[in-house]
Amino acid sequence: MGNQYIIDEEQVLWGYGNNEFGQLGIGRVDFEYFYTEPAKIAENVVSVDASGNGYFAIYLTEDGNLYGMGSNRLGLLGQPYEVCYSDHDYSKVTEPVLLMQDVVYASAGMKSILALKQDGTVWWWGEYSSTYLTEAKAYNYQYYWQDEEDEKNPTKILY
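To start, this report covers the structure provided alongside it.

1. Examining the sheet that holds strand β5 (residues 56–61)
Taken in spatial order, the four strands of this open sheet run β4-β5-β6-β7, and their pairing is antiparallel. Of all the strands in the sheet, just β4 (45–50) and β7 (92–100) have a single pairing partner and so form its edges. For this sheet, the mean angle separating the axes of adjacent strands, direction not counted, is 20°. Sheet topology note: the strand β6 (residues 66–71)/β7 ladder contains five bridges and is antiparallel. Across the sheet, residue L66 finds its bridge partner in β7, namely M100.

Listed below in structure tokens is the structure:
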């Protein structure tokens, strides 16, 4: 979705492409600039993944620390937020923030993050796109943007 991330042979993470949500982790947001030259993001990185929509990226360091940067949609990157009705209105994390420690594997979903910790536990957080829009009369997006579980969809996971 407009971004590429590279870990070189010295475990340095580089990124280039869009930075409209701060997903390059370089301390700023750029709406109309496309980075064609890689920007240095972090050192001692063993893996990196980006959301399918390009809004955020995560990376794992050799000491088991998981970091994230980009769109903080519904608090995905651990920062305070208010519910917004546009992806561009959510706060943007422009520098990497520590999300979790003792992680051995992590994966970015479209609007979620999955992490496997050293103790074998699996952690998931983010937004699970609900089944509200699969209902015959679900033409109103107010249900899609709900930010709490309710009796209509008790399996909706948001945090």
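We are not done yet, so read on.
2. Observations regarding the sheet that holds strand β3 (residues 30–42)
Spatial strand order, β1-β2-β3: three strands in an open sheet with antiparallel pairing. Edge strands, defined here as strands with exactly one partner in the open sheet, are β1 (3–7) and β3. Ignoring which end each strand starts from, the neighbouring axes of this sheet average 5° apart. With five bridges joining them, strand β2 (residues 13–19) and β3 adopt antiparallel strand pairing. The residue of β3 that forms the bridge with N19 is D30.

3. Observations concerning the environment of Q4
Mapped onto the elements, Q4 comes out in strand β1. For Q4, a relative accessible area of 45% puts it in the partly exposed group.

4. Quick notes on the pattern of salt bridges
A complete count under the given rule lists two salt bridges for this structure. R28 is the salt-bridge partner of D30, the closest N and O atoms lying 3.6 Å from each other. Put simply, K40 and E43 hold a salt bridge, and the shortest N to O gap is 2.6 Å. Accessibility expressed as a relative area gives 45% for E43, which makes it partly exposed.

5. Brief notes about the nonpolar core
Among the nonpolar cores identified, the biggest contains 17 residues, and F56, I58, L66, L77, V103, I113 and W125 are the most heavily contacted of them. Elements with a minimum of two residues in this core: β5, β7, β8 (103–108) and β9 (112–117). If near-sequence neighbours (up to four positions away) are discounted, L77 is found in contact with F56, G68, M69, G70, S71, N72, V93, V97, L99 and I113. Of all hydrophobic cores here, the second largest spans 12 residues; its members include Y5, A57, Y59 and M69.

6. Quick look at the packing of aromatic side chains
For the structure on display, the rule yields three aromatic pairs. Between Y33 and Y35 the ring centres are 4.7 Å apart and the planes differ by 85°, which places this aromatic pair in the edge-to-face class.

7. Some points on the environment of Q101
Secondary-structure assignment places Q101 in the loop between β7 and β8. Excluding residues within four positions of it along the chain, Q101 makes contact with G64, N65 and K117.

The rules behind the values
- Residues numbered from 1 in each chain as written.
- Predicted model: local features only at pLDDT ≥ 70, side-chain atom pairs only at ≥ 80, totals over all residues.
- Heavy atoms only, no water.
- Pairing = 2+ DSSP bridges.
- Helix = DSSP H or I, 4+ residues; strand = E, 2+ residues; numbered from the N terminus.
- Axes fitted to C-alpha atoms, helices over the stretch in contact; angles between N-to-C directions.
- Buried < 20%, exposed > 50% of the residue type's maximum accessible area, 1.4 Å probe, protein only.
- Salt bridge = Lys/Arg side-chain N within 4 Å of Asp/Glu carboxyl O.
- Core = buried A, V, L, I, M, F, W, Y, C linked by side-chain atoms within 4.5 Å.
- Contact = heavy atoms within 4.5 Å.
- Phe/Tyr/Trp six-rings, centres within 6.5 Å; stacked < 30°, edge-to-face > 60°.

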